[in-house]
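Listed below are the residues making up each chain.
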Amino acid sequence: MNKELKKIFVFLSLYAFAGGLFYNFQQLWMLENNMSLKTIGIVFSLCSLIAVSMIFICSNLVKVRRLKSFSQIMIALKVILLFIVFLLHNSGLNILIKFLIMVDFALDVEIFICSYPMISLITKSDKIYASRGLVYDMFYFLGVLLTSLLLGKSILLFNINYNFYNLLASITLLFAFIVISSLKIDNYYKKDDDDNNAAFYSLIKSLKEDKISKLHLLYVFMGDISYYAISGLLLSILTNKLDMSPTYASNLLLALGIGSVVVGIIILRKLTLKNNYINFLIKFGVRFVLYTLAFIFANKYIFLISIIYLKLSSDAYTHVTDAPYVNRFDNDYQLAFCNLRSMVGYFSRSIGTLICGLAVVVSVRINFLIAAVFIFFQIYFGIKSITELRLENDRK
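### Quick look at the overall build of the protein
A count of helical and extended segments in the protein gives 17 helices and 2 strands. For a compact globule of 396 residues, the expected C-alpha radius of gyration is about 21 Å, and the protein comes in at 20 Å, within 12% of that figure. The principal-axis extent of the C-alpha atoms belonging to the protein is close to 55 × 50 × 35 Å. Burial statistics for the protein: of 396 residues in total, 57% are counted as buried. Counting only carbon and sulfur atoms, one obtains 66% of the accessible surface of the protein, whose full area is about 17,300 Å². When the 37 positive and 23 negative side-chain charges of the protein are each reduced to one mean point, those points stand 5 Å apart.

Structure representation (structure tokens):
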């Protein structure tokens, strides 16, 4: 593997590891700071809306040539923000805490978005795209594993509680900053200069004629509402609605996260079928059936089976369902499309998370009904986009 590509993956690994440390118990940390479950749902929904605004601003300001320096700035800001959040624990300054959590989330989103355009400057393929997600998830869940193992123990003068992980994540991100600062990708730029602002607006205009991208964006929109209608507050659902202890629920999500990475790797290397319709339905068709059964029978075990399949399949087939639609664009337009795609995704995530927080107060059964409705439309638009992509490839 290319030396600079390795550095990007090392950076991605450290960044993901810090995410696992910080985000694993974030919902419970917020509860510890006297925030209600409904408030947490609203905050997470607003997180996604702010992320959309951040992505839009970045789409108009950040040039491909500035990806490295822009990522450095965002990582540095995250280091500072997480340290401040660590200091504000149990301070009672919940308005400030909620604001910082939302800003941190927006930064985190844009850092991940920028990672693949940097990778694609060096090399571009559907498998590399999928590998990026698998590497991120692998190290994210290693961070989650560490939080589960260390919780309640002591290191020197520090009692390891939910708040300690904020400090640990901040330190880890400092190492990520050092790695990305050493990255040298100037030789991979194809132009003396680039105008991402023009690329973004040119992309928006071209969508009028780009049926494949429109179908794919509708697939993303419907899919993220469906996913986050259940996963938006999943740790809270497991602990408050399915009567699991925080430790057991966290360990279950950890096991499912690691299992998702393993399943994703196996499918990427060995079990991708030639028929992409079948690949697609294995991932999303089974989810639709399980969600429908969960709503009809309102049984805890079916709820749990649905959640298990949802999480285990989350990393599967991304080289089929997502990568081809990103890799259709060259480097000049790829950052613009990644930003646009993420704007759609996080806007729908905001809707899904808000729905999750409101529905779970009534009944978890409602969450599964809503998820089933939106995944039905996701399947429709996903299959249409596969068909159109095949026709385009045949024409080529």
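### Structural notes on the packing of helix α1 (residues 3-23) against helix α6 (residues 126-150)
Axis separation between α1 and α6 bottoms out at 7 Å; the angle between their running directions is 40°. On the basis of their axis angle, the class for α1 and α6 is oblique. Crossing of α1 over α6 shows right-handed handedness. Two secondary-structure elements touch here, α1 through F9, L12, S13, Y15, A16, F17, G19, G20, L21 and Y23 and α6 through S131, R132, V135, Y136, F139, Y140, L142, G143, V144, L146 and T147. Classifying every residue of the contact of α1 with α6 by side-chain character gives 14 nonpolar, 6 polar and 1 charged.

### Structural notes on helix α7 (residues 164-181)
Residues spaced three or four apart along an α-helix point in a common direction, a consequence of the helix completing one turn every 3.6 residues. Taking 1.5 Å of rise per residue, 18 residues should cover 26 Å, and α7 covers 26 Å from first to last C-alpha, within 8% of that figure. F164, Y165, N166, L167, A169, S170, T172, L173, A176, V179 and I180 are the residues of α7 that are buried.

### As for the pattern of salt bridges
The final tally for this structure, using the stated rule, is 8 salt bridges. For D322, the salt bridge is made with R341, and the minimal N-O distance between the two is 2.2 Å. Of this pair, D322 sits in the loop between α14 (318-321) and α15 (323-326) while R341 sits in helix α16 (residues 331-362); the two residues are 19 residues apart in sequence, bridging distant segments of the chain. Judged on exposure class, the residue D322 and its partner R341 are both buried. Sharing partners across several salt bridges, the network here consists of K78, D104 and D108.

### Looking at the packing of aromatic side chains
Centre-to-centre distance and the angle between the planes together describe a pair of aromatic rings. According to the stated counting rule, one finds 23 aromatic pairs in the structure shown. With centroids separated by 5.6 Å and ring planes inclined at 55°, the aromatic side chains of Y15 and Y136 adopt a geometry described as tilted. Taken together, the positions of Y15 in helix α1 and Y136 in helix α6 put the pair 121 residues apart, joining distant regions of the chain. Side by side, Y15 and Y136 carry an identical accessibility label, which is buried. Measuring from ring centre to ring centre gives 6.3 Å for F25 and Y165, while their planes differ by 20°; the resulting arrangement is stacked. Taken together, the residues F25 in the loop between α1 and α2 (26-32) and Y165 in helix α7 connect sequence positions 140 residues apart. Taking the relative accessible area as the measure of exposure, F25 reaches 3% and is therefore buried. A relative accessible area of 1% means that Y165 is categorised as buried. These aromatic residues form a ring-pair network of at least three members: F11, Y15, F112, Y136, Y140 and F141. Just above the ring of F112 sits the side chain of R132; from NZ or CZ to the centre is 4.1 Å.

### Some words on the confidence of the model for the protein
This prediction gives the protein a mean pLDDT of 88; 96% of its residues lie at or above 70. Across the protein, the element-wise mean pLDDT spans from 72 in strand β2 (residues 158-159) up to 96 in helix α12 (residues 276-297).

### A few points about the side chain of H319
Within the element layout of this structure, H319 appears in helix α14. Classification of H319 as buried rests on a relative accessible area of 11%. At 2.8 Å, the side chain of H319 and the side chain of T272 are in polar contact. If sequence neighbours within four positions are ignored, H319 has contacts with D126, A130, I267, L268, T272 and P324.

### Brief notes about unusual backbone geometry
Here N90, not a glycine, exhibits a phi torsion of approximately 60°, which is positive. Relative to the elements of secondary structure, N90 occurs in the loop between α4 (67-87) and α5 (94-122). Unusually for a residue other than glycine, A298 sits at a positive phi of about 50°.

### Digging into the state of the cysteines
Scanning the entire structure with this criterion turns up 0 disulfides. Counting only cysteine sulfurs, C47 is the nearest neighbor of C356, a cysteine outside any disulfide, at a range of 14 Å. The class of C356 is buried, set by a relative accessible area of 0%.

### A short note on the side chain of H89
Counting through the fold element by element, H89 comes out in the loop between α4 and α5. Overall, the relative accessible area of 18% leaves H89 in the buried class. At 3.1 Å, the side chain of H89 and the side chain of W29 are in polar contact. Contacts of H89, omitting those with residues within four sequence positions, involve W29, E32, N33 and N163.

### Description of the environment of I370
Positionally, I370 belongs in helix α17 (residues 364-395). With 28 residues separating them in the primary sequence, I370 and S342 have C-alpha atoms 22 Å apart. The residues contacting I370, other than those within four sequence positions of it, are A229, I355 and A359.

Thresholds applied
Residues numbered from 1 in each chain as written. Predicted model: local features only at pLDDT ≥ 70, side-chain atom pairs only at ≥ 80, totals over all residues. Heavy atoms only, no water. Helix = DSSP H or I, 4+ residues; strand = E, 2+ residues; numbered from the N terminus. Rg over C-alpha atoms; globule rule 2.2 N^0.38 Å. Buried < 20%, exposed > 50% of the residue type's maximum accessible area, 1.4 Å probe, protein only. Areas by Shrake-Rupley, 256 points an atom, 1.4 Å probe, with all protein chains shown as cover. Lys, Arg positive; Asp, Glu negative; His and termini not counted. Charge placed at Lys NZ, Arg CZ, Asp CG, Glu CD. Axes fitted to C-alpha atoms, helices over the stretch in contact; angles between N-to-C directions. Parallel < 35°, antiparallel > 145°, perpendicular 65-115°, else oblique. Left-handed = near helix turned anticlockwise from the far one by under 90°. Contact = heavy atoms within 4.5 Å. Nonpolar A, V, L, I, M, F, W, Y, C, P; charged D, E, K, R; others polar. Expected span 1.5 Å × (residues − 1). Salt bridge = Lys/Arg side-chain N within 4 Å of Asp/Glu carboxyl O. Phe/Tyr/Trp six-rings, centres within 6.5 Å; stacked < 30°, edge-to-face > 60°. Lys NZ or Arg CZ within 6 Å of the ring centre and 35° of its normal. pLDDT = per-residue confidence, 0-100. Polar contact = N/O pair within 3.5 Å; in protein donor to acceptor, adjacent residues only side chain to side chain. Disulfide = S-S within 2.5 Å.

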